Amino acid sequence: MAYAFIFFLALLADQLSQALAGLNFDNIQLIPGLLGLDFTYNPGIAYGSFGDAEWLQPVVIALTCVAIVAFLIALIKVGKGRKCLRTGIVLIMVGAAGNLIDRLVEQQVRDFILVSVGNIGFLNFNCNVADIAITVGAVLFLLALLFVDKDALFRFRKQKKQEEQA
């Protein structure tokens, strides 16, 4: 139940923030040279790639629907004690759903958070709350699989100590 609350609260935050940003966020510098607000539409995928491809929207919409269902199944199957992994899955689903809503309604994604780090190309981009949710969710997902969960890939020392104590 808590994960459903997180899902709907974060999805609401994404959609409300995009609606508010569309009203009047146009090149506002919050931290000069680093962070600002600048409302844009992204018809493509990451960094606007394939924005002019006619086939893109139906393909991305279909893949996103499949991914959301797959993550929902994973969320149901993952044990309740794996909170870090489950939270990561929920956040990825939130981001996917938020961007899916945009693609269905606007045929593009509304971005308004401007990140600009000097002249480093891949660190100059616009994003939204859904994109941040996907990123944070992916980091939590990987951390859980690599370090946090009892079956984590790099948790050998703790398992060895537990086996020695037994």
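A. Broad picture of the overall build of the protein chain. When helices and strands are tallied, the protein chain shows five helices and four strands. Walking the protein chain from its N terminus toward its C terminus, one meets helices and strands in the order α-β-β-α-α-β-β-α-α. For the C-alpha atoms alone, the extent of the protein chain along its principal axes is close to 60 × 35 × 30 Å. Counting only residues that meet the buried cut, the protein chain has 35% of its 166 residues in that class. Restricting to contacts in the protein chain with at least 6 residues of sequence separation, those with at least 24 account for 60%. For the protein chain, the exposed area adds up to about 10,400 Å²; of that, 70% sits on carbon and sulfur atoms.

B. Examining the pairing of strand β1 (residues 28-31) more closely. For β1 and strand β2 (residues 35-42), the ladder comprises three bridges, and the chain directions are antiparallel. Bridge assignment links Ile-28 to a residue of β2, and that residue is Leu-37. Linking β1 back to β2 in an antiparallel pair, the connection comprises three residues, with Gly-33 at a positive phi of about 80 degrees.

C. Examining the packing of aromatic side chains more closely. Counting across every chain of the model gives five aromatic pairs. Ring geometry for Phe-7 and Phe-8: centres 5.1 Å apart, planes at 90 degrees, overall edge-to-face. Where Phe-39 meets Tyr-41, the ring centres are 5.2 Å apart and the plane angle is 85 degrees; that geometry is what we call edge-to-face. Residue class for Phe-39 comes out buried when judged on its relative accessible area of 18%. With a relative accessible area of 40%, Tyr-41 lands in the partly exposed category.

D. Structural detail: the side chain of Asn-42. With respect to the helices and strands, the residue Asn-42 is situated in strand β2. Polar side-chain contacts of Asn-42 include one of 2.8 Å to the backbone nitrogen of Gly-44. Once you skip the residues sitting within four places of it in the chain, Asn-42 turns out to touch Gly-48, Gln-108, Val-109 and Asp-111.

E. Here's a closer look at unusual backbone geometry. With a phi close to 60 degrees, Phe-50 is a non-glycine residue in the positive phi region. Look at Gln-107: it is not a glycine, yet its phi comes out positive at around 65 degrees. Along the chain, Gln-107 falls in the loop between α3 (83-106) and β3 (109-116).

So, how was this worked out
Residues numbered from 1 in each chain as written. Predicted model: local features only at pLDDT ≥ 70, side-chain atom pairs only at ≥ 80, totals over all residues. Heavy atoms only, no water. Helix = DSSP H or I, 4+ residues; strand = E, 2+ residues; numbered from the N terminus. Buried < 20%, exposed > 50% of the residue type's maximum accessible area, 1.4 Å probe, protein only. Contact = heavy atoms within 4.5 Å. Areas by Shrake-Rupley, 256 points an atom, 1.4 Å probe, with all protein chains shown as cover. Pairing = 2+ DSSP bridges. Phe/Tyr/Trp six-rings, centres within 6.5 Å; stacked < 30°, edge-to-face > 60°. Polar contact = N/O pair within 3.5 Å; in protein donor to acceptor, adjacent residues only side chain to side chain.

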